[in-house]
Amino acid sequence: MIWYPYEQMKGMKAPYQIVDAEGVYLYTKNRKLIDSVASWWSVIHGYKHPELNQAILEQAERFSHVMLGGLTHVPVQRLAEKLEQFLPGDLNHIFFSDSGSVAVEVALKMALQFYRNRGEKRRTMVLALEHAYHGDTFKAMEVGDDADYHFVMEAYGPSAYVKHIPTQIEALEEAFEKYHDRLHAMIVEPLLQAAGGMRMYEVSFLRRARELCDQYEVLLIFDEVATGFGRTGHRFAADLVLPDILVLGKALTGGYIGHAVTVANQKVFDGFYDDHAEHALMHGPTFAGNALACSAALKSIELFETQKEMEKIKRIEEITRREMMDFSDPRIQEIRMMGGCVCIEVKDAMTLKGYQQFAYERGVFSRPFLQCLYAMVPYVIGEEELVQVLDTMKAWFAR
Ligand SMILES: *Cc1c(COP(=O)(O)O)cnc(C)c1O
């Protein structure tokens, strides 16, 4: 049997069986649903995109995968070149892995080893944010702050290696004052903390973080697995504030094949580049640089540019703001919007119980979590479909 993710298997509601998908639509045997989740925020160009399919099929005709150990190939080379040119600043050194969590692990390992390679042994700590989510593997859980994983903290005791702070400049300054000589990295989901409850915060916090990281020589890591490729209304938060290490996943391949990258700037790369074999980055996922994933990612980035996705996201935000303008309900705590993300946070999570089925009956697939009723639609969504998604959210409160 399938052991489903994030589910208490006992009494689990049967998942919807998908038999086909195209554009923004998922198809069950007898229903058509707008995917307001974009398959965990990744399917930005929609399903069954002819060019993405073509790119994958063409590569499959040659080979689907060869390892990057001792071998290389055109799709991974072209994707690395493309990312170098597409990403801001000197984020030019691309390390490939098969999932966002692993790419986060690589980023944290990179930052720690950067200082070990220089012989700085005191820097064992990472600064992270409250309500952070960085993936489900162990170090990612440790820098994360998800209540679902607090059993780990209970098991091992609070971590001496990670400090969590709120997204307030005062707390940030205080943390640097206290820990600056012991920190090797600060990791954040910039602007939008997605899985931690669709929490949004100001770019001024990131600017101050950059200043403090510069002042105390701490590496700044942006986990843009969720925010990358336009979701916040910016291509990348890294376009606003430049990190030392950038992590991308989810939408990297247009959501077609799981893949992720950890991108280092020149300074970080130079910290490994020397005559000591033991200073090498010892990491290598079996499927790193998978040729099908790289082909999909290349095509996805090309579509991102040629299909003017940033304009589409702006349009999504405009329509969302218009539709939500006068909407309120006493059960709602706050309505938050940013780029291609809208979240209705309710006061009591129980308020959302039954919403998924309600939406299903109205032709929308939704998956509320915590107190969040949210939409992160594929960018190819039409106005009418987007309004249908938003109307369904509003209708839940009008019952
Ligand atoms: C989803 C997510 C991850 C984990 O990515 P996986 O591919 O699921 O391992 C890490 N960081 C952030 C911000 C995410 O949203």
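Calculation rules
Residues numbered from 1 in each chain as written. Predicted model: local features only at pLDDT ≥ 70, side-chain atom pairs only at ≥ 80, totals over all residues. Heavy atoms only, no water. Helix = DSSP H or I, 4+ residues; strand = E, 2+ residues; numbered from the N terminus. Rg over C-alpha atoms; globule rule 2.2 N^0.38 Å. Buried < 20%, exposed > 50% of the residue type's maximum accessible area, 1.4 Å probe, protein only. Contact = heavy atoms within 4.5 Å. Areas by Shrake-Rupley, 256 points an atom, 1.4 Å probe, with all protein chains shown as cover. Near = heavy atom within 4 Å. Nonpolar A, V, L, I, M, F, W, Y, C, P; charged D, E, K, R; others polar. Axes fitted to C-alpha atoms, helices over the stretch in contact; angles between N-to-C directions. Left-handed = near helix turned anticlockwise from the far one by under 90°. Salt bridge = Lys/Arg side-chain N within 4 Å of Asp/Glu carboxyl O. Pairing = 2+ DSSP bridges. Phe/Tyr/Trp six-rings, centres within 6.5 Å; stacked < 30°, edge-to-face > 60°. Lys NZ or Arg CZ within 6 Å of the ring centre and 35° of its normal.

## Some thoughts on the overall build of the protein chain
When helices and strands are tallied, the protein chain shows 13 helices and 16 strands. The globule rule puts the C-alpha radius of gyration for 399 residues at 21 Å, and the 21 Å found for the protein chain is close to it. Seen through its principal axes, the protein chain has C-alpha atoms that stretch 65 × 55 × 45 Å. Taken across its 399 residues, the protein chain has 53% of its residues classed as buried. Taking the intrachain contacts of the protein chain between residues at least 6 apart in sequence as the baseline, contacts between residues at least 24 apart amount to 72%. Here the protein chain has roughly 18500 Å² of accessible surface; of this, 52% comes from carbon and sulfur atoms.

## Overview of the site of the ligand
Taken together, W41, S99, G100, S101, Y133, H134, G135, E189, D223, V225, A226 and K250 form the complete shell of residues around the ligand. Expressed as a share of its isolated accessible area of 380 Å², the protein-covered part of the ligand is 83%. Its residues assigned to classes, the shell around the ligand shows four nonpolar, five polar and three charged.

## So, the packing of helix α3 (residues 74–86) against helix α10 (residues 291–306)
Contact geometry of α3 with α10 gives a least axis separation of 8 Å together with a crossing angle of 35°. When the axes of α3 and α10 are compared, the crossing they make is left-handed. In this structure, α3 uses P75, V76, R78, L79, K82, L83, Q85 and F86 to contact α10, whose residues at the interface are A291, C294, S295, A297, L298, I301, F304 and E305. The residue makeup of the contact of α3 with α10, split by class, is eleven nonpolar, two polar and three charged.

## Points about the pattern of salt bridges
Applying the stated criterion across every chain yields a total of 26 salt bridges. Between D214 and R210 there is a salt bridge whose closest N-O contact spans 2.8 Å. Placement of the pair is D214 and R210 together in helix α8 (residues 203–216), with a separation of four residues, close to one helical turn. The closest approach of N and O atoms between K394 and D391, which form a salt bridge, is 3.9 Å. In this pair, K394 and D391 both sit in helix α13 (residues 383–398), three residues apart, roughly one turn of the helix. Under the relative-accessibility criterion, K394 is labelled buried at 18%. Put simply, R315, E318, R322, E323, E383, D391 and K394 are held in one network by salt bridges that share partners.

## What about the sheet that holds strand β13 (residues 332–338)?
Taken together, three strands build an open sheet; the order of strands is β13-β14-β16 and the sheet is antiparallel. The two strands at the open ends of the sheet, each matched to only one other strand, are β13 and β16 (372–375). If you compare each strand with its neighbour and ignore which way they point, the axes differ by 10° on average. Two strands pair when backbone bridges link them, and strand β14 (residues 341–346) and β16 are joined in this way by four bridges, in the antiparallel orientation. Opposite I344, over in β16, you have L373 as the bridge partner.

## Structural notes on the packing of aromatic side chains
Applying the stated rule across the entire model yields 19 aromatic pairs. Taken together, a centroid distance of 4.3 Å and an interplanar angle of 5° make the contact between Y16 and Y360 stacked. With a gap of 344 residues between them, Y16 in the segment before β1 (20–22) and Y360 in helix α12 (residues 355–361) connect regions that are remote in the sequence. Pair check on accessibility: Y16 and Y360 agree, each one buried. Members of the aromatic cluster, each reached through a chain of ring pairs, are F86, F229, F236 and F304. Above the ring of Y25, the side-chain terminus of K32 is found at 4.3 Å from the ring centroid.

## Describing the sheet that holds strand β7 (residues 183–188)
Spatially, β4-β12-β11-β10-β7-β5-β6 is the arrangement adopted by the seven strands of the open sheet, whose pairing is mixed. This sheet does not close on itself; its edge strands, each paired only once, are β4 (93–97) and β6 (162–165). For this sheet the average axis-to-axis angle between neighbouring strands, irrespective of direction, equals 20°. In the packing of α8 onto the sheet, contacts are made with β5 (125–129), β6, β7 and β10 (219–223), and the angle to β7 comes to roughly 165°.

## Some words on the pairing of β14
The element β14 is largely enclosed, with a buried count of six among its six residues. Of the two faces of β14, both are covered, the one formed by C341, C343 and E345 as well as the one formed by V342, I344 and V346. Relative to β14, β13 runs antiparallel, the two sharing six bridges. When the bridges of β14 are listed, E334 appears paired with E345. The antiparallel hairpin formed by β13 and β14 contains two residues in its connecting segment, where G339 sits at a positive phi of about 55°.

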